[in-house]
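Structural overview for review
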Protein chains: 4
Amino acid sequence: MDSDGFRDLAHVGSVEIFTPVPDQSRSFFVDLLGMSETGRQGDSVYLHAWDDYEKFTVKLTGSGTSGIGRTYLRASSPEALSRRVAAVDKLGLGRGWVKDEPALGDVYLCVDPDGHEIGLYWDTERFQPPAGKGPSLKNQADRFPGRGANIRRLDHVNYLGVDIPAIGDFLRTGLGARLTEQIQLDNGNVSAIWYHISDKSYDLVYTNDWTGTNGRLHHVAFATDTRDDILRAADVMLDNGIHIETGPHKHAIQQTFFLYVYEPGGNRIELCNAGARLVLAPDWAPVTWTQAERAKGQAWGLKTIESFHTHGTPPVG
Amino acid sequence: MDSDGFRDLAHVGSVEIFTPVPDQSRSFFVDLLGMSETGRQGDSVYLHAWDDYEKFTVKLTGSGTSGIGRTYLRASSPEALSRRVAAVDKLGLGRGWVKDEPALGDVYLCVDPDGHEIGLYWDTERFQPPAGKGPSLKNQADRFPGRGANIRRLDHVNYLGVDIPAIGDFLRTGLGARLTEQIQLDNGNVSAIWYHISDKSYDLVYTNDWTGTNGRLHHVAFATDTRDDILRAADVMLDNGIHIETGPHKHAIQQTFFLYVYEPGGNRIELCNAGARLVLAPDWAPVTWTQAERAKGQAWGLKTIESFHTHGTPPVG
Amino acid sequence: MDSDGFRDLAHVGSVEIFTPVPDQSRSFFVDLLGMSETGRQGDSVYLHAWDDYEKFTVKLTGSGTSGIGRTYLRASSPEALSRRVAAVDKLGLGRGWVKDEPALGDVYLCVDPDGHEIGLYWDTERFQPPAGKGPSLKNQADRFPGRGANIRRLDHVNYLGVDIPAIGDFLRTGLGARLTEQIQLDNGNVSAIWYHISDKSYDLVYTNDWTGTNGRLHHVAFATDTRDDILRAADVMLDNGIHIETGPHKHAIQQTFFLYVYEPGGNRIELCNAGARLVLAPDWAPVTWTQAERAKGQAWGLKTIESFHTHGTPPVG
Amino acid sequence: MDSDGFRDLAHVGSVEIFTPVPDQSRSFFVDLLGMSETGRQGDSVYLHAWDDYEKFTVKLTGSGTSGIGRTYLRASSPEALSRRVAAVDKLGLGRGWVKDEPALGDVYLCVDPDGHEIGLYWDTERFQPPAGKGPSLKNQADRFPGRGANIRRLDHVNYLGVDIPAIGDFLRTGLGARLTEQIQLDNGNVSAIWYHISDKSYDLVYTNDWTGTNGRLHHVAFATDTRDDILRAADVMLDNGIHIETGPHKHAIQQTFFLYVYEPGGNRIELCNAGARLVLAPDWAPVTWTQAERAKGQAWGLKTIESFHTHGTPPVG
């Protein structure tokens, strides 16, 4: 590890998404995003993106409402996992070891200061394509689906949170993540933070929840190989009656090419493409955007749509 | 019409393709190219590309072998159709009127000097999407499929032929087509001709059949909206065991971005994209490529693969 | 010709654009759009897009204000030109023959009912690249620039006009153009019309001028080969301080992928890509969009920006 | 660090390239790849890719012949640098500290077992755009060039080497790099190895030098944001007389979309795009390709061109 714990976590592994309309949500992820089903258990369906080396990418769980369940973060080694467990425990945010996910080994459960559940783990089951249905190239997890948005992998999670400074401290001290960009309002408050644990420019994002509610989700994002995949996905969403919130367009912050839609369960899903952008600098100076800069909208001048600031899941009464 | 009959024909309407393995070929066109089935009759399945305004784009017919059946060319008006019928008849290549295609009106049947059947027509049935399954935008024929290569429309047909000069005369005098590019060998023989009837730079292509056999097919081509669609299609073909003959790459002649595959019945299928290229000049001077220029290969230096010069359908004993 | 004169005109040839800041505008067209300078005369600079077969694509003229000058439309043949001259003359909109453009032959000058000047012509000078600077492929007019937006050719002109029905009559009867799409307001008024003279789905567009002023311009559009070229162009515009009005995004009407910017002289310029979309049907039923449909915004849900309805050139006092 | 030293090195920083025709090579890198000049010293020109946070990306040095000079690898921290210096020193491959590169601090010089010079460093000068010429978005190093291939950053270096196993040991033990893919011939010899130090699937590649010569270069690779950028680059290379060796196409190994050209000095340059592919698994099992698999050619069936196996720089007598 680096002295600050950076690299103790390797990447975001998978995420649990709650939906009140599980069949419709499953159809969205399979038929329109291009994922495949790899298993079922209880009210959950396990879904896999074609180039994820692990058994599942999304655990879609039928529930009374929408929102996000546990986020799984894979450690870089068993030793790195031990270091992170100790660090999180020291912050009083550890909840202990569990073994409740069939495709994962022992998971150390913890929560961020906003109450979102996070599972840290090392042991994981590899994805195996069905017999006779594997890809032609052996350096690829599964066949290319040729379906809908053809998402390649989970990219990042953007949570809503109330106490952003406390969350930032947890990300830095507990998880060993590093800040790459943030928004600071004129009153001095930091309203959104982008942290990375990999060479991607962000993996875990938190935006201030204007309702003051804990534990909610802003969006889950999946990476496509090209910007053209995202343009194509917009056509797919349009013709399948999926609500397009905004995009395709390019963010000023992080410069991601994006499309935001609401899956049938109400959760905001982003399709994103970073081009060749990586934050490789080990001493990257975080970029701070002012309130005025933020107000200018997206990279090419698109005004940020109002619902982007207000919609989160589950909905607040 | 122009004095040479140019514009009497509006566009290539549809084409019949023969296959000895109809179920596998149908799966190729539907699952991998993204077409939809719009009807069946006898041994034929009618297939539709998502932005074709007519009822069908391909008539796929089970048969003892592979190859091409009738090509349908739509006239620009009833009067234009009459002019073309008279011109073809004068060449002794007319075969009379038939009414044997449910989605078309009266068809004037003729043959090119190589024996390929061509049907000229005006009346045609419009494509109607299934109830409740139409596209979101009303200036589009059908929903965007989000499947495989997502081909938009039939683009051109490339026939094999024996007497290229005679064929060129038929295209010019009979059909009112115009030459845009050709290959002329060192011995003076023209070995390949590209004619257009629309603003596209070619619609009907003939290449010399080295076997001396009449009536064969080099390939049928379908247009995608982007080059990226073609790159994606290559991944789809690879993972579905379809033989990729050559590409994706860019032709020097006509500058088309291409991918050639063999559908399960053995017929060569091209996916093509022309970018914004159109031949709008009404007095376009045909471009003649020499044998030496042809030998240089494709636009970016790719050598032309041997089978491209030899494979045609049906196979010759 | 068809009985309605369709096809008597082959394509939009070139357009004159006025600018109060000629040097800055020239830099925009050359450095940012990728055009090249092919001549100068008086206050005008002639600019060429890399795949235009004619000598010039844009005539950029220094002037007291912005706006559009003459639009040149090339006929399909000398006979077709005569027919159009007679038809326009019959409408009382002809202004007689002139020979005032070095790279063109005799030009028949006319005006649309809104006063925009239109020049009809047959004789034209071919573009010749500078010696030793020609393209590698001989079916291409000039070298690929590898600069800025790399626009391939002029695509269409969108005028502002006051009496839309009268203009539509002129386009149909005078020019032999055909309507493909239109907007009809709840009060029955048609507020915008898209006509084509080629296989492209539109070449000449008129939008109602809310100021009631005659002779103004909404925008001039240039085609790129790919949607990715347009995304790239947005980056180029952003980093060169060019005002991006809206886009990149996809229109619902005509489904064009677009980017609108203001060149330094104030004229709105569109970069557009139609994918493989063509209107090949000779009996295309015009698509009418209602006021409510228009209010829904662009294809993927983007609200139409206010200035798109109000900004025209030259500005109105 | 991980126990194997992985992550002690953050990324490939820059590379020195030798050329016998420095002016022509500079023009290639600046005009055709889209780099900018940031300084000169002696026979060297410093060149910068638009999103490199460091002062230079390539040091282009006039020389009697072609080939590769020093490769600079940036450490993850001062402590990580110390660990790597100790590890390399232990292998007897250290050459001591130097301070001879203006934009870098102290550099620890070493050689791989094949004699290629490698400089390890921590201190580095940040790129600063010229006053008034900076980018619009402050999370980007320089303006987007809008020129030629628009390469974003240095991606990887592929060396030729004689004793591949010894080199692999150096990469693993000395540099803390990890193997992701390799080719193993039927005789058991490993002929090519792909190692990564970042989340990219490879950063340092070695291919067996069939001539048995030490210290040569196979190619230096630069990343573009999109595959379309690479297709565009092929047009740029074609029209500027640059030798295209092979591509654009997609590798089976590592699945990179590629274009290989020879810059005027003779060095092979790759333009590459990986889509969203990253090797995030901390326990990635290296993929081994057999001689038979290698013989199948590239991903979509393109046969590997002969010169790809034989051409290296400097040329061997």
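Reference entry: report on the structure contained in this document. (Residues numbered from 1 in each chain as written. Chains lettered and ligands numbered in written order. Predicted model: local features only at pLDDT ≥ 70, side-chain atom pairs only at ≥ 80, totals over all residues.)

Structural notes on the overall build of chain A
When its secondary structure is counted, chain A shows 6 helices and 17 strands. Here the C-alpha radius of gyration of chain A, 18 Å, is about what a compact globule of 317 residues would show, namely 20 Å. Overall size of chain A, expressed as C-alpha extent along the three principal axes, is 55 × 45 × 40 Å. Counting every position in chain A, which comprises 317 residues, the buried fraction comes to 60%. Across chain A, contacts joining residues at least 24 apart in sequence account for 66% of those joining residues at least 6 apart. (Helix = DSSP H or I, 4+ residues; strand = E, 2+ residues; numbered from the N terminus. Rg over C-alpha atoms; globule rule 2.2 N^0.38 Å. Buried ≥ 20, exposed ≤ 12 C-beta atoms within 10 Å, placed from the backbone. Contact = placed C-beta atoms within 7 Å.)

Concerning the sheet that holds strand 17 (residues 287–290) of chain D
All names here are of chain D. Within the open sheet, the 9 strands sit side by side as 14-15-16-13-9-12-11-10-17. Their pairing is mixed. For this open sheet the edge positions go to strand 14 (243–250) and strand 17, each flanked by a neighbour on one side alone. Shown here is a sheet whose adjacent strand axes are inclined to one another by a mean of 15°, direction ignored. As defined by bridge partners, strand 15 (residues 257–262) adjoins strand 16 (residues 268–273) across 6 bridges and the pair is classed as antiparallel. Bridge assignment links valine 261 to a residue of strand 16, and that residue is isoleucine 269. Against the sheet, helix 3 (residues 164–174) touches strand 9 (153–161), strand 10 (178–184), strand 11 (190–196) and strand 12 (204–208), its axis set at about 15° to strand 11. (Pairing = 2+ DSSP bridges. Axes fitted to C-alpha atoms, helices over the stretch in contact; angles between N-to-C directions.)

Describing the environment of glycine 148 of chain A
In this structure, glycine 148 of chain A sits in the loop between strand 8 (117–121) and strand 9 (153–161). Separated by 119 residues in sequence, glycine 148 of chain A and phenylalanine 29 of chain A have C-alpha atoms that sit 9.3 Å apart. If we skip the residues at most four places from it in the chain, glycine 148 of chain A touches Asp31, Leu32, Leu33, Gly34, Ala233 and Val236 of chain A together with Gly146 of chain B.

Overview of the interface of chain D and chain A
Counting residues at the interface gives 37 residues for chain D, matched by 37 residues for chain A. Classifying every residue of the side of chain D that touches chain A gives 12 nonpolar, 13 polar and 12 charged. (Nonpolar A, V, L, I, M, F, W, Y, C, P; charged D, E, K, R; others polar.)

With respect to the interface of chain C and chain A
Chain C puts 10 residues into the contact, and the matching count from chain A is 10 residues. Looking at the side of chain C that touches chain A, the elements that each hand over two or more residues are helix 4 (227–239) and strand 14 (243–250) of chain C. Per-element accounting of the side of chain C that touches chain A gives the leading share, 5 residues, to helix 4 of chain C.

Details of helix 1 (residues 22–32) of chain B
Residue and element names in this part refer to chain B. Among the residues of helix 1, those classed as buried are Ser25, Arg26, Phe28, Phe29 and Leu32. On the buried face of helix 1, the contacting elements are strand 1 (9–19), strand 3 (44–48), strand 4 (58–62) and helix 4 (227–239). Among the residues trailing helix 1, glycine 34 stands out with phi positive, at a value near 95°.

Details of the relation of the copies chain C and chain A
Its rotation angle being 180°, the transformation that places chain C on chain A also includes 0.0 Å of axial translation and leaves an RMSD of 0.0 Å. Considering both components of the superposition, the chain copies are consistent with a two-fold axis. Of all interface residues in chain C, 100% are interface residues in chain A too; the two copies therefore contact each other through one and the same surface. (Least-squares fit on C-alpha atoms with pLDDT ≥ 70 in both.)

Points about the relation of the copies chain D and chain A
Once turned by 180° and shifted 0.0 Å along the axis, chain D lies on chain A with an RMSD of 0.0 Å. Both copies contact each other with a shared surface, as 100% of the interface residues of chain D are interface residues in chain A too.

Focus on unusual backbone geometry
Note the cis peptide between threonine 313 of chain A and proline 314 of chain A, where omega equals -5°. In this structure, proline 314 of chain A sits in the segment after helix 6 (307–310). Here the residue pair glycine 247 of chain D and proline 248 of chain D is connected by a cis peptide bond, since its omega of -5° sits within 30 degrees of zero. Although it is not a glycine, glutamine 255 of chain A adopts a positive phi angle of roughly 60°. Here glutamine 255 of chain A shows up in the loop between strand 14 (243–250) and strand 15 (257–262). The phi dihedral of arginine 7 of chain B falls on the positive side, at around 90°, and the residue is not glycine. Tracing the backbone through its elements, the reader meets arginine 7 of chain B in the segment before strand 1. Under the C-beta neighbour-count criterion, arginine 7 of chain B is labelled buried, with 25 such atoms within 10 Å.

Remarks on the environment of serine 36 of chain C
Summarising the element assignment, serine 36 of chain C is placed in strand 2 (residues 36–41). Residues serine 36 of chain C and tyrosine 46 of chain C, 10 residues apart in the sequence, show an inter-C-alpha distance of 8.4 Å.

Describing the pairing of strand 14 of chain D
Residues and elements named next belong to chain D. Examined bridge by bridge, strand 14 and strand 15 share 5 bridges and lie antiparallel to one another. In the sheet register, histidine 243 faces strand 15, and the bridge partner there is tyrosine 262. What sits between strand 14 and strand 15 in their antiparallel hairpin is a turn of 6 residues, with glutamine 254 showing a positive phi close to 65°.

Description of the packing of helix 4 (residues 227–239) of chain A against helix 4 of chain C
Direction vectors running N to C along helix 4 of chain A and helix 4 of chain C enclose 110°, while the axes themselves pass 10 Å from each other. The angle between helix 4 of chain A and helix 4 of chain C falls in the class roughly perpendicular. Considering how the two elements wind past one another, helix 4 of chain A and helix 4 of chain C form a crossing that is right-handed. Residues Arg227, Asp228 and Leu231 of chain A of helix 4 of chain A form the contact with helix 4 of chain C, whose own contacting residues are Arg227, Asp228 and Leu231 of chain C. Per-class residue counts for the contact of helix 4 of chain A with helix 4 of chain C are 2 nonpolar, no polar and 4 charged. (Parallel < 35°, antiparallel > 145°, perpendicular 65-115°, else oblique. Left-handed = near helix turned anticlockwise from the far one by under 90°.)

What about the nonpolar core?
Leu120 of chain A, Leu120 and Leu271 of chain B, Leu120 and Leu271 of chain C together with Leu120 of chain D are the most contacted members of the largest nonpolar core, which totals 361 residues. Not counting chain neighbours up to four residues away, the residues in contact with leucine 120 of chain C comprise Leu73, Ala75, Leu81, Arg84, Val85, Val107, Tyr108 and Cys110 of chain C. (Core = buried A, V, L, I, M, F, W, Y, C linked by C-beta atoms within 7 Å.)

Thoughts on the sheet that holds strand 4 (residues 58–62) of chain C
Residues and elements named next belong to chain C. Taken in spatial order, the 8 strands of this open sheet run 2-3-4-1-5-8-7-6, and their pairing is mixed. Because the sheet does not close on itself, it has two edges, and the strands there are strand 2 and strand 6 (94–98). Within the sheet, the average angular offset between the axes of one strand and its neighbour, ignoring direction, is 25°. In the sheet, strand 7 (residues 107–111) pairs with strand 8 (residues 117–121) via 5 bridges, with the strands oriented antiparallel. Opposite valine 111, over in strand 8, you have glutamate 117 as the bridge partner. Contacts from helix 1 (residues 22–32) reach strand 1 (9–19), strand 2, strand 3 (44–48) and strand 4, with the element oriented near 160° to strand 4.

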